[in-house]
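Architecture at a glance
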Amino acid sequence: MWKGRFTQDTSSLVQQFGESVSYDWRLFPHDIAGSIAHARAQKHAGLLTEGEFSAIESGLLAIRSDIEEGRFEFKTSLEDIHMNIESELTKRIGAAGAKLHTARSRNDQVATDTRLYVRSQIDSLSTAIRGLQRALLDRADLYADAVMPGYTHLQRGQPVTAGHHFLAYVEMLERDVARLSDCRKRVNVSPLGSGALAGSTINLDRLAIANELGFDSVTTNSMDAIADRDYIAEILFVISLCGVHLSRLSEDLILWCSAEFGFAALADAHTTGSSLMPQKKNPDVCELTRGKTGRLLGNLVALLTTVKGLPLTYNRDLQEDKEPLFDSIDTLHLSLAVNTEMISAMTMRLDRCAAAAADPMLLATDLADYLVKKGVPFRHAHELVGKAVAESIATSIPLDQLELSKISEHYGSDTAEIFQLQRALLARTNPGCPNPLIVKQQIERWKNHLAE
Ligand code: ARG
């Protein structure tokens, strides 16, 4: 493609070192869409005849089918997907193919292709996250009333319901969807026409090209448009954070499935056995989800590190943007799919949840609130309940069976009802609380929202 200036062939080691077609081939549908839009603008500018344009268009569409059907031979000697397609087109249709690269550079071409690719992945990832939200919502609905302990510091804190716990993850994933859609706005801008870095003396209609490709607008600085990889950093961050959410969910499930907690069970289809210990049923999907989050974070840092020292505009370093991008997208897609299937089939062990939630210590804070309602300042109430807790531990008499009135005259004869779990949950009437009535309203709200 640049033979004019050179007298030697590129060394085969350099070819091996510099090729990207082994992984950027997946940009082909976007590369072809971009080229067709570019060629149409060339036709409108009088640079191509109607006949030349149709030869280019049908040639590119035929190449697309060949790639889709595995009939296309990619050549590493042609470096990347862009040159593979252009060279094959020219081979097939002759002179018209050689006109396609007029007023374009691989620099604006690769930026265009990558933006189109990221845009389509944003859409499919959003759909996949919605699927996982629905699976979690379905579990929340099934276990809306199932009382279980809520934890801080992985120590039992206060009672919640399994429904409330599942909905916490639905909320997190909703923020991921919102971040994807926000990121999409900055992705969906056309850099085509920025050329190598300084536009072109051949002025094609950038807006028409952008329109055809479904972009919302065109970039407004050719140098920035060529050098910019912010949209890749953004999508990698959004994916990382979504991965972190899945990793936290995994950790909860791993704990819940242990003999020590015993709150949940995963289906056989979503667990693995041990080659040695016959009794084992391991939550490998959760562990792999948690483990793969390391790769997602690594890919984000790799991209930021690649970009950080680069002068404007294009530097070949930027070719290193693609493998982290593709890896994170593939990893998140697969994690979402397998977690959706696994969550849809998991069950809560209600007896174990209820037994753990029956610990009266979970309502120690409610007991302090009781004293506050009798006029005791909270710090003093906290201390009084703390003393009762200490006595319960020392005597092994459960907190709800102590003679509290002996500890303080502020305790009345009505303390027993503080230890009724349902009453305790229903007493929380503010938005966002694990009151089963409020949780059910939330479930209805999510059902409507996720049905859209
Ligand atoms: N394969 C290249 C990349 O991904 C395309 C752009 C090449 N541009 C260049 N000036 N060598 O970055």
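This section reports on the structure supplied with the text. (Residues numbered from 1 in each chain as written. Predicted model: local features only at pLDDT ≥ 70, side-chain atom pairs only at ≥ 80, totals over all residues. Heavy atoms only, no water.)

What the rule picks out here adds up to 37 salt bridges. In this structure, the salt-bridge partner of Glu403 is Lys406, at a minimum N-O distance of 3.4 Å. Connected through salt bridges with shared partners, the residues Asp66, Glu69, Arg71, Glu88, Lys91 and Arg92 form a single ionic network. (Salt bridge = Lys/Arg side-chain N within 4 Å of Asp/Glu carboxyl O.)

Inspection of every chain in the model, using the stated rule, returns 1 cavity of 30 Å³ or more. As a volume, the largest cavity reaches approximately 30 Å³. In terms of lining, the largest cavity is formed by Gly243, Leu246, Thr289, Lys292, Thr293, Leu296, Leu332 and Ser335. Mapped by element, the contributors of at least two residues to the lining of the largest cavity are helix 11 (230–257), helix 12 (284–308) and helix 13 (322–345). Counting residues per element, the lining of the largest cavity draws most heavily on helix 12, which supplies 4 residues. (1 Å grid on protein atoms, 1.4 Å probe; cavity = no way out; pocket = protein on both sides within 12 Å on 5 of 7 lines; lining within 4 Å. Points joined across faces, edges and corners; volume = space filled by probe spheres on them. Helix = DSSP H or I, 4+ residues; strand = E, 2+ residues; numbered from the N terminus.)

What follows concerns the packing of helix 8 (residues 162–187) against helix 18 (residues 436–451). The N-to-C vectors of helix 8 and helix 18 enclose an angle of 35 degrees; their axes lie 11 Å apart at closest approach. For the pair helix 8 and helix 18, the crossing hand works out as left-handed. Residue-level inspection shows Gly163, His164, Leu167, Val170, Glu171 and Glu174 of helix 8 in contact with helix 18, the latter providing Val439, Gln442, Ile443, Arg445, Trp446 and His449. Looking at the contact of helix 8 with helix 18, its residues break down into 5 nonpolar, 4 polar and 3 charged. (Axes fitted to C-alpha atoms, helices over the stretch in contact; angles between N-to-C directions. Left-handed = near helix turned anticlockwise from the far one by under 90°. Contact = heavy atoms within 4.5 Å. Nonpolar A, V, L, I, M, F, W, Y, C, P; charged D, E, K, R; others polar.)

Taken as a whole and judged by the stated rule, the model has 7 aromatic pairs. A centroid spacing of 6.3 Å and a plane angle of 15 degrees characterise the contact between Trp25 and Phe28, whose relative ring orientation is stacked. A centroid spacing of 5.4 Å and a plane angle of 85 degrees characterise the contact between Phe261 and Phe263, whose relative ring orientation is edge-to-face. Here Phe261 falls in the buried class, since its relative accessible area comes to 15%. Residue Phe263 is classed as buried on the basis of its relative accessible area of 3%. Through a chain of ring-to-ring contacts, three or more aromatic side chains come together here, namely Trp25, Phe28, Phe72 and Phe74. It is Arg5 that lies over the ring of Phe6; its NZ or CZ is 6.0 Å from the centre. The residue whose ring lies beneath Arg115 is Tyr231, and the NZ or CZ to ring-centre distance is 4.2 Å. (Phe/Tyr/Trp six-rings, centres within 6.5 Å; stacked < 30°, edge-to-face > 60°. Buried < 20%, exposed > 50% of the residue type's maximum accessible area, 1.4 Å probe, protein only. Lys NZ or Arg CZ within 6 Å of the ring centre and 35° of its normal.)

This paragraph deals with unusual backbone geometry. In this structure, the amide linkage connecting Leu312 to the following residue, Thr313, adopts the cis form with an omega of 0 degrees. By the secondary structure assignment, Thr313 is in the loop between helix 12 and helix 13. Even without being glycine, Glu79 reaches a positive phi, approximately 65 degrees. Positive phi outside glycine occurs at Leu154, with the angle close to 55 degrees. Structurally, Leu154 can be placed in the loop between strand 1 (147–152) and strand 2 (155–161).

Below, the discussion takes up a nonpolar patch on the surface. Nonpolar side chains collect at one region of the surface, where Met1, Trp2 and Phe6 lie side by side and expose about 340 Å² of accessible area between them. Here Phe6 shows up in the segment before helix 1 (12–18). Overall, Phe6 belongs to the partly exposed group, its relative accessible area being 47%. (Patch = residues over 30% accessible without salt bridge, like charges linked within 9 Å, V, L, I, M, F, W, Y side chains within 5 Å. Areas by Shrake-Rupley, 256 points an atom, 1.4 Å probe, with all protein chains shown as cover.)

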